[in-house]
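# Close look at the chain arrangement
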Number of protein chains: 2
Amino acid sequence: MKGTRLIVAIQGERGAFSHEAARRHLGEAIELLPRSTFDALFAAVASGEADRAVVPIENSLVGSIHENYDRLRALPLHIVGETQVHVRHCLIARPGATLASIRRVASHPVALAQCTRFFAERPQLEPVTAYDTAGSVMDLLRRDGPVTQAAIASKLAAQLHGGTVLLEGIQDDTENYTRFVILSREEGPLEAASKTSIVFTLADAPGALYRALAPFALRHVDLVKIESRPLRGQRWQYVFYIDVLGDPRGPAGEAVAELRQLAQEFRVLGHYPDGIRGNGDGSGAEKAS
Amino acid sequence: MKGTRLIVAIQGERGAFSHEAARRHLGEAIELLPRSTFDALFAAVASGEADRAVVPIENSLVGSIHENYDRLRALPLHIVGETQVHVRHCLIARPGATLASIRRVASHPVALAQCTRFFAERPQLEPVTAYDTAGSVMDLLRRDGPVTQAAIASKLAAQLHGGTVLLEGIQDDTENYTRFVILSREEGPLEAASKTSIVFTLADAPGALYRALAPFALRHVDLVKIESRPLRGQRWQYVFYIDVLGDPRGPAGEAVAELRQLAQEFRVLGHYPDGIRGNGDGSGAEKAS
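These remarks concern the structure in this document. Nothing here was measured: the structure is a model prediction, and the numbers come from that model.

### Considering the relation of the copies chain B and chain A
Least-squares fitting of chain B to chain A yields an RMSD of 0.0 Å, with the transformation described by 0.0 Å of translation along the axis and a rotation of 180°. Such values leave the two copies arranged in the relation of a two-fold axis. The position closest to the rotation axis in chain B is occupied by the C-alpha of Tyr210(B), lying 3.0 Å away. In this assembly the copies share their binding face: 100% of the residues contributing to the interface of chain B also contribute to that of chain A.

Here you go:
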């Protein structure tokens, strides 16, 4: 990829938290491809239009973004990395606006819901639903509207679009982190990997899940995530997603191979450097040149 | 409860799928207490205003309704039963309307999303978002509007509010089932129970989940559901919910007692008759007199 810039697709506009995740993991020298929906995001990398997709997969308050787990299973893409972003919401207005002048505050419904205390303490402010956090900043600055309008989005969105940050960190809960996975059409290098993500199904029998976890427990291999999703067409049957910690060339890889024998459907979604515990700050290993 | 009617709270209006679940499990001789939000639904039974709450907990296509798992953990209520409802969406209009006259179709966004094929085949119909399936039928019949309006809801909603069913079963997927739990302030009788729901947390150590499942696997006790949710304030740590099959006075109960020793946080959410596999049709054991 020397000389050419990595094309990185995200869901949302420039300055979205996904953009922050993309920069954190791949550096600033990327070409961003904003997409309006998650389906379009996955399609962008599957079709070759983008080199990578940066996909939110779970939030420390809200939990897993299940639809994206379903999409991971449906498409033959590979997880090649992960990162986490500390979600800090800012109140952003047009240059010249002051906090006292604001009456209406637009943002994505999830962002509005994460700032309930902010609104409860300021009954003069009316929350307005928008399609995207960063998009609500773009809308704000695009028109020559009054200075009574503001938006809730990341600091990056304010910087990129020329908005003024009136308040920082207005979310209810400071422990608000989103975990993102980085998708590619090709597998990541085995040597650099310290985490493996797997999707599988099991026979409907007592102890099936217990036996599926045995290969990991007996080798002291750590599972850091387990997720279940409904199996379409088989009522109250489930597909499991697990994240396994450890070098895939060692005991972790042996345990995965053993699970493959026990499972019905089975696929490794990817092996990649741990971006959550490995280096603490969640910054990525794969910087674009 | 002889002589007095059981007061049963649901989220949504009369004729909502929750109403169908309430009737299926508790019979028709109940006094229904419609509530507009899930918080109000849980509060109705916690406060004593209602005797039971009927709560949707998972759907065979969409998966778990996670916010309701969180509410189960937060409040000291007991699951005393469960039932399932086959979600069959109907196109409902005012008496006198015909399919050819309809232009706008209102319903809850989830119901609209489950009828994408219906709309794709009929481009003349505009989907309109409403707060509730049965509520959109009530709105339709309340005003003297034109016969160009319709709603998507259950057949029961049409019957209760005097709407005409123009089409039945317009959902994309026929295997669309929702599972409901029935909540009470008091525990259900142990003698009648064949299922136990538990919530617990574990130490963050390799093999912790494997060891937690061992008491069940070694006794051939079947786990029919496992669900994980984020633990607030402890980033990337989880709380687990499991459903255990079997008489709580036998091996299933022994396994639960053993898990209690291994877990950190631990609570039995309830023991109740299996309403999914036990009697096939999902009809309940607790009929109101």
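The structure having been displayed, the exposition proceeds.
### Digging into the environment of Glu31(A)
Residue and element names in this part refer to chain A. Along the chain, the position of Glu31 falls in strand 2 (residues 30–35). Glu31 gets classed as partly exposed once you count the C-beta atoms within 10 Å, which come to 13. Each C-alpha atom of the pair Glu31 and Ala9 lies 8.5 Å from the other, and the pair is 22 residues apart in sequence. When residues no more than four places from it in sequence are discounted, the contact partners of Glu31 are Arg5, Leu6, Ile7 and Val8.

### Considering the sheet that holds strand 9 (residues 149–153) of chain B
Residues and elements named next belong to chain B. With mixed pairing, the five strands of this open sheet are ordered in space as 8-7-9-6-10. Two strands in the sheet have a free side with no partner beyond their single neighbour: strand 8 (126–129) and strand 10 (164–168). With direction set aside, neighbouring strand axes in the sheet form an average angle of 30°. When strand 7 (residues 104–107) meets strand 8, the two strands line up parallel, connected through four bridges. Its bridge partner lying in strand 8, Arg104 is registered against Glu126. Those strands touched by helix 6 (residues 133–142) are strand 6 (90–93), strand 7 and strand 9, and its axis lies near 155° from that of strand 9.

### Notes on the sheet that holds strand 10 (residues 164–168) of chain A
Residues and elements named next belong to chain A. Strands sit in the order 8-7-9-6-10 across an open sheet of five strands; the sheet is mixed. Taken across any chain shown, the strands that pair with only one partner, and hence form the sheet edges, are strand 8 (126–129) and strand 10. If you compare each strand with its neighbour and ignore which way they point, the axes differ by 30° on average. Sheet topology note: the strand 6 (residues 90–93)/strand 9 (residues 149–153) ladder contains four bridges and is antiparallel. Within strand 9, the residue paired with Cys90 across the bridge is Ala153. Lying over the sheet, helix 6 (residues 133–142) contacts strand 6, strand 7 (104–107) and strand 9, oriented at roughly 155° with respect to strand 9.

Reading guide: rules and limits
- Residues numbered from 1 in each chain as written.
- Chains lettered and ligands numbered in written order.
- Predicted model: local features only at pLDDT ≥ 70, side-chain atom pairs only at ≥ 80, totals over all residues.
- Least-squares fit on C-alpha atoms with pLDDT ≥ 70 in both.
- Contact = placed C-beta atoms within 7 Å.
- Helix = DSSP H or I, 4+ residues; strand = E, 2+ residues; numbered from the N terminus.
- Buried ≥ 20, exposed ≤ 12 C-beta atoms within 10 Å, placed from the backbone.
- Pairing = 2+ DSSP bridges.
- Axes fitted to C-alpha atoms, helices over the stretch in contact; angles between N-to-C directions.

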